[in-house]
Amino acid sequence: MAIEVKNISRTYHAQNTKNGKVAALGPISLTVREREFFAILGPSGCGKSTLLNVIAGLEVPDTGEVLVEGRVVDRPGPDRAVVFQEPGLMPWLTVRENVEYGLKLRGLSPEERRERALQYLKMVHLTKYADARPHQLSGGMRQRVSIARALALEPRVLLMDEPFSALDAQTRDLLHDELQRIWSETHVTIVFVTHNINEAVYLADRVLIMTAPPGQMRRIVRVPFARPRDKALPDLGIFAAMLHKEIKEEVAKVAARELDPDWTPASPQQTLDPAAGI
Amino acid sequence: MEQRNSVDREGRLRVVALQLAFMVVLLIVWHAIVAMGFVTRYLVPSPVDVGKAAYDLFQSGVLWKSVGLSLYRMICGYSVSLVLGTLLGILLARNWVAKATLGSLVLALQSLPSICWLPFALLWVGIDERAILAVVILGATFSIATATENAVRNVPPIYLKVGQVLGARGFTFARDILFFAALPEWLGGMKLGWSFAWRSLMAAELIRQDALGIGRLLEIGRAFNDVPMMLASMVLIVALGMAVDWGIFGVLERQVRRVYGLEK
Ligand SMILES: Nc1ncnc2c1ncn2[C@@H]1O[C@H](COP(=O)(O)OP(=O)(O)OP(=O)(O)O)[C@@H](O)[C@H]1O
Ligand SMILES: [Mg+2]
């Protein structure tokens, strides 16, 4: 088991609620297998990022613990790399220096760093821009660098929090295929948070569907399609539409809680259409 | 891209040319008004008189001595307030106890013109160089502290997360990430602090009787009813202030912003 999440829950303080607290996540337990591509779907605010941050060691859960390859997570570590929605490249460093920075902190020699940075920039096809500044790159290129920076640490687990949701559809399509290739080349375990159901169905081995907040496990779905997958395949669309229906139920729960009482879910005919969400 | 750059440069050149032309016209108009006898020459000298006064100051060596002394005071006082203000700012940004207690004090003191400290400073440290330094330090420290605090606070949270994930902690994080992420805004604060320090110094030099300095020159000019000298000192004050503001801080800031991609 690459990742074992045991009974995790997290509550935040908030001023605008009755008891000054907001239950953000869980309790939730799950396991992610070695070399698995594991996607997480759920309504907005259900605690997907919180879960990912707990696995990353960026946040401490109120209850429970996370094991990565048998070791308890208590802080960020070299076995786990994270790619966020924002690339978060450091503008005062060149592209290569950005990729090298984590390696420098690991104590690699300048030659080793350089070599490894170029190796991973090559993996995302950006060696040409090694000496450019981040601001000279497009959004998609920046996210590529961010992926290279994470991979250069040679982590056991790659955690991705909506990494492509700020990109245009064409760039996203390209990066989907790149990520699949990288995943099969590096044997890294990937946990991939997304709002995009098609993305999850296209990329993942299994998909976790979370409930309305505080996010618990609604269901884990195995994606039954062999790789390489074809985005145009109607089966993928039908499968996505099925997941869409489940998530819509959870979203409706959130909306019923948050919106005025006169709100009702839209007519179900639209969501049963297999072509929806393709 | 190249084309746009050259257009930008052309545009900038045009602006500079216009500025120069405006100055020249201003000088000519000023000179003409004085030469045609519209004003009492003794109260409003012509630019030529001012130039002559400046040249006399330069010849006698007083000019360099004054500039040297004033800049020396600035460098001493400003360095101290840069260190103090930066440390105070970091403390205010990262420690809520400090923010709740010292924070309001800093805010209050910032609204007190630092020259108001001079009487106190004279009482405490006596009539000597240290009183001027105290005023300069007090003039810049609080604005640098406030700017530093904001610079640290405004560091995008993504860098904190990225830093942690890459393994930067404690001092390493502060040196490698926090410092650079806060740099553009901090530089703005440094620039502001310098201009506050400059104002404070000029005020202090005007009031204090016994040491040379550019502010002093202005006051000496008044004592001798030497209006050209007064104007020459004022031009000097403006010129020096602008030289540091643009020549040092402006260039630094622009350089940093260009590297970071904050401006073309
Ligand atoms: N630092 C925080 N302080 C207070 N509340 C927080 C904090 N971080 C998250 N929350 C709350 O916890 C809940 C879960 O947040 P989280 O970001 O994990 O959700 P998410 O599923 O990632 O949402 P999204 O899909 O919008 O990214 C939300 O209600 C959010 O408002
Ligand atoms: Mg999120």
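Computed from a predicted structure; not experimentally measured.

1. As for the environment of Val251(A)
Residue and element names in this part refer to chain A.
At step 1: In this fold, valine 251 is placed in helix H7 (residues 234-258).
At step 2: On the basis of relative accessibility, which here comes to 38%, the residue valine 251 falls in the partly exposed class.
At step 3: Residues valine 251 and glycine 42, 209 residues apart in the sequence, show an inter-C-alpha distance of 8.0 Å.

2. Remarks on unusual backbone geometry
At step 1: Residues Arg227(A) and Pro228(A) are joined by a peptide bond in cis, for which omega reads -5°.
At step 2: Mapping Pro228(A) onto the fold places it in the loop between strand E10 (217-222) and H7.

3. Quick notes on the side chain of Thr189(A)
At step 1: One can find Thr189(A) in strand E8 (residues 189-193).
At step 2: Apart from the residues lying within four places of it in its own chain, the contact partners of Thr189(A) are Ala2(A), Val32(A), Arg33(A), Glu34(A), Arg35(A), Glu36(A), Arg156(A), Val157(A) and Leu158(A).

4. With respect to the domain arrangement of chain B
All names here are of chain B.
At step 1: Each domain of chain B was delimited in the assignment, giving domain 1 (1-39) and domain 2 (45-259).
At step 2: Centre-to-centre separation of domain 1 and domain 2, based on C-alpha positions: 29 Å.
At step 3: Summing both partners gives a buried area of about 410 Å² for domain 1 against domain 2, and 79% of it is carried by carbon and sulfur.
At step 4: The three residues of domain 1 that bury the most area against domain 2 are Trp30, His31 and Val34, which together make up 84% of that side's buried surface.
At step 5: At the junction of domain 1 and domain 2, the tally comes to zero salt bridges.
At step 6: Across the contact surface, domain 1 and domain 2 share one residue pair in polar contact (both at pLDDT 80 or more).
At step 7: Here the residues of the side of domain 1 that touches domain 2 sort into three nonpolar, one polar and no charged.

5. Section: the sheet that holds strand E7 (residues 157-161) of chain A
All names here are of chain A.
At step 1: With mixed pairing, six strands are arranged side by side in an open sheet as E6-E7-E8-E3-E9-E10. The sheet terminates laterally at strand E6 (80-83) and E10, the two strands that pair on one side only. On average, each strand axis in the sheet is inclined to that of its neighbour by 15°, with strand direction left out of account.
At step 2: Looking at chain direction, E7 and E8 are connected through five bridges and run parallel. By the bridge assignment, aspartate 161 is partnered in E8 with valine 193.
At step 3: Where helix H4 (residues 139-152) meets the sheet, its contacts fall on E6 and E7, and the angle it forms with E6 comes to roughly 175°.

6. Brief notes about the sheet that holds strand E2 (residues 21-32) of chain A
Residue and element names in this part refer to chain A.
At step 1: Judged by pairing direction, the sheet is antiparallel, and its four strands sit side by side in the order E2-E1-E4-E5 without closing on themselves. Edge strands, defined here as strands with exactly one partner in the open sheet, are E2 and strand E5 (71-72).
At step 2: Sheet analysis places strand E1 (residues 3-13) next to strand E4 (residues 63-68), joined by five bridges and oriented antiparallel. Residue pairing for E4: glutamate 4 is matched across the bridge by leucine 67.
At step 3: Strand contacts of helix H1 (residues 48-56): E1, E2 and E4, with the helix running at about 120° to E1, the strand carrying the most contacts.

7. Some points on the interface of chain B and chain A
At step 1: Taken together, the 19 residues of chain B in the interface contact 21 residues of chain A.
At step 2: The contact between chain B and chain A buries some 1,900 Å² in all, and 69% of this surface belongs to carbon and sulfur atoms.
At step 3: For the chain B face of the interface with chain A, the top three residues by lost area are Ile158(B), Val165(B) and Leu166(B), together amounting to 35%.
At step 4: Summed over the shared surface of chain B and chain A, the number is zero salt bridges.
At step 5: At the junction of chain B with chain A, the criterion picks out three residue pairs in polar contact (both at pLDDT 80 or more).
At step 6: Contributing elements (two or more residues each) for the side of chain B that touches chain A: helix H7 (157-166), helix H8 (170-207) and helix H10 (227-260) of chain B.
At step 7: Broken down by element, the residue count for the side of chain B that touches chain A peaks at seven residues, all from H7(B).
At step 8: Tallied by class, the residues present in the side of chain B that touches chain A amount to eleven nonpolar, four polar and four charged.

8. Focus: the site of ligand 1
Residues and elements named next belong to chain A.
At step 1: Every residue lining ligand 1 is accounted for by Tyr12, His13, Ala24, Ser44, Gly45, Cys46, Gly47, Lys48, Ser49, Thr50, Glu162 and His195.
At step 2: Take glycine 47: an N or O atom from its main chain is 3.0 Å from an oxygen atom of ligand 1.
At step 3: Between an oxygen atom of ligand 1 and a side-chain N or O atom of serine 49, the distance comes to 2.7 Å.
At step 4: Within the complex, the protein chains bury 60% of what would otherwise be the 630 Å² of accessible surface of ligand 1.

9. A few points about the packing of helix H2 (residues 47-60) of chain B against H10(B)
All names here are of chain B.
At step 1: Taken N-terminus to C-terminus, the directions of H2 and H10 make an angle of 80°; their axes are 8 Å apart at the nearest point. If you check the angle between H2 and H10, you find them roughly perpendicular. On H10, the residues touching Asp49, Val50, Ala53, Ala54 and Leu57 of H2 are Pro228, Met229, Leu231 and Ala232.
At step 2: Considering only residue class, the contact of H2 with H10 consists of eight nonpolar, no polar and one charged.

10. Observations concerning the side chain of Glu199(A)
Residues and elements named next belong to chain A.
At step 1: In this structure, glutamate 199 sits in helix H6 (residues 197-203).
At step 2: Within the buried set, glutamate 199 has no salt-bridge partner at all; the shortest N-O distance to an opposite charge, 4.6 Å, is to arginine 172.
At step 3: Separated by 2.7 Å, the side chains of glutamate 199 and histidine 176 make a polar contact.
At step 4: Not counting chain neighbours up to four residues away, the residues in contact with glutamate 199 comprise Phe164, Arg172, His176, Phe192 and Thr194.

11. Section: the confidence of the model for chain B
Residues and elements named next belong to chain B.
At step 1: Averaged over chain B, the pLDDT score is 87; the fraction of residues at 70 or greater is 97%.
At step 2: Across chain B, H7 holds the top mean pLDDT of 93, while helix H5 (residues 118-125) sits lowest at 80.
At step 3: For this predicted complex, the interface confidence score (ipTM) comes to 0.85, while the overall pTM stands at 0.82.

12. Brief notes about helix H9 (residues 214-223) of chain B
Residue and element names in this part refer to chain B.
At step 1: Summarising burial for H9: seven of the ten residues are buried, a large majority.
At step 2: If you check which residues of H9 are buried, you get Ile214, Gly215, Arg216, Leu217, Leu218, Glu219 and Gly221.
At step 3: Those residues of H9 that are buried lie in contact with H2, helix H3 (62-94), H8 and H10.
At step 4: Directly after H9, the chain includes asparagine 225, whose backbone phi takes a positive value near 55°.

Cut-offs used in this document
- Residues numbered from 1 in each chain as written.
- Chains lettered and ligands numbered in written order.
- Predicted model: local features only at pLDDT ≥ 70, side-chain atom pairs only at ≥ 80, totals over all residues.
- Heavy atoms only, no water.
- Helix = DSSP H or I, 4+ residues; strand = E, 2+ residues; numbered from the N terminus.
- Buried < 20%, exposed > 50% of the residue type's maximum accessible area, 1.4 Å probe, protein only.
- Contact = heavy atoms within 4.5 Å.
- Domains from an automatic or database assignment.
- Buried area = accessible area lost by both parts, 1.4 Å probe.
- Salt bridge = Lys/Arg side-chain N within 4 Å of Asp/Glu carboxyl O.
- Polar contact = N/O pair within 3.5 Å; in protein donor to acceptor, adjacent residues only side chain to side chain.
- Nonpolar A, V, L, I, M, F, W, Y, C, P; charged D, E, K, R; others polar.
- Pairing = 2+ DSSP bridges.
- Axes fitted to C-alpha atoms, helices over the stretch in contact; angles between N-to-C directions.
- Near = heavy atom within 4 Å.
- Areas by Shrake-Rupley, 256 points an atom, 1.4 Å probe, with all protein chains shown as cover.
- Parallel < 35°, antiparallel > 145°, perpendicular 65-115°, else oblique.
- Lys, Arg positive; Asp, Glu negative; His and termini not counted.
- pLDDT = per-residue confidence, 0-100.

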